[in-house]
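The residues making up each chain are set out below.
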Amino acid sequence: VSSVGATSVSEMVAAVAHEEGGARFDAGPQQLAESLTRDPTDGFGLELHRDEQGRPAIAAVSGAARRSALRAGDRIISVGGQPTARHEEALAAIRASGDDLLLLVLRDPEAR
């Protein structure tokens, strides 16, 4: 491994992946926090659905959400710091959030 110029773990992983022919070293599902501001014309830009277990997940993004790191398939685990195990809980919390929204999502790199 020739990671002489690498200064961080992510750079070293990228260097190893490059030398290994693009091999991926995923750590599994990741938690991501994202803050959105409601757009006056299209809201937060989130379309939600229930995943296979009935949990809240993002089906599509547009507007404000498109400018964030959120993407379709991310599972919503909390809204405004409150856990949301059910789809209905996530919808109610998003609707009650006002103009600013803080989401914690779980992203599985294997899910596409």
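This structure is a prediction, so every number in the text was calculated from the model and none was measured.

J.: So what's going on with the side chain of arginine 107? Residues and values would help.
T.: As for its position among the elements, arginine 107 is in strand β6 (residues 100-107). Polar side-chain contacts of arginine 107 include one of 2.8 Å to the side chain of aspartate 74. Excluding residues within four positions of it along the chain, arginine 107 makes contact with Gly28, Pro29, Gln30, Leu32, Ala69, Leu70, Arg71 and Asp74.

J.: How would you sum up helix α3 (residues 87-95)? Please name residues and give values.
T.: Within the sequence span of α3, burial applies to His87, Ala90 and Ile94. Along the long axis of α3, the arc covered by the buried residues comes to 65°, so they all point the same way. Contact partners of the buried residues in α3: β2 (46-50), β3 (56-61), β4 (75-79) and β6.

J.: Residue-level account of the pattern of salt bridges, with values.
T.: Going through the model one piece at a time under the given rule, you end up with six salt bridges. When the shortest N-O distance is used, the salt bridge between arginine 55 and aspartate 51 registers 2.8 Å. Judged by its relative accessible area of 27%, arginine 55 is partly exposed. Here arginine 86 ties to glutamate 89 by a salt bridge, and the two come within 3.8 Å at their closest N and O atoms. On the accessibility criterion, arginine 86 (45% relative accessible area) is partly exposed. Residue glutamate 89 is classed as partly exposed on the basis of its relative accessible area, which comes to 31%.

J.: I'd like a rundown of the environment of serine 68, residues and numbers included.
T.: Here serine 68 is to be found in the loop between α2 (63-66) and β4. Not counting residues up to four positions away in its chain, the partners in contact with serine 68 are Glu34 and Leu36. Here the side chain of serine 68 touches alanine 65 through a polar contact of 2.6 Å, landing on its backbone oxygen. Of note is the side chain of serine 68, whose polar atom sits 3.1 Å from the backbone nitrogen of leucine 70.

J.: Account for the confidence of the model for the protein, naming residues and giving values.
T.: Looking at the protein as a whole, its pLDDT mean stands at 81, while 72% of the residues score no less than 70. Scored below 50 in pLDDT, residues 1-10 shows seven contacts in the model against residues more than four places distant or in partner chains. Long-range and interchain partners of residues 19-23, a stretch whose pLDDT sits below 50, account for four contacts in this model, where long-range means more than four residues apart.

J.: Can you lay out the environment of arginine 38 for me, pointing to particular residues and giving the numbers?
T.: Structurally, arginine 38 is set in the loop between β1 (30-37) and β2. For arginine 38, a relative accessible area of 30% translates into the label partly exposed. In this structure the C-alpha to C-alpha distance between arginine 38 and aspartate 99, which are 61 residues apart in sequence, comes to 4.8 Å. Setting aside its immediate chain neighbours within four residues, arginine 38 contacts Gly43, Phe44, Ile94, Arg95, Ser97, Gly98 and Asp99. Within the local environment of arginine 38, its side chain forms a polar contact with the backbone oxygen of glycine 98, the two atoms lying 2.7 Å apart.

Scoring rules and cut-offs
Residues numbered from 1 in each chain as written. Predicted model: local features only at pLDDT ≥ 70, side-chain atom pairs only at ≥ 80, totals over all residues. Heavy atoms only, no water. Helix = DSSP H or I, 4+ residues; strand = E, 2+ residues; numbered from the N terminus. Polar contact = N/O pair within 3.5 Å; in protein donor to acceptor, adjacent residues only side chain to side chain. Contact = heavy atoms within 4.5 Å. Buried < 20%, exposed > 50% of the residue type's maximum accessible area, 1.4 Å probe, protein only. Arc of directions from axis to C-beta. Salt bridge = Lys/Arg side-chain N within 4 Å of Asp/Glu carboxyl O. pLDDT = per-residue confidence, 0-100.

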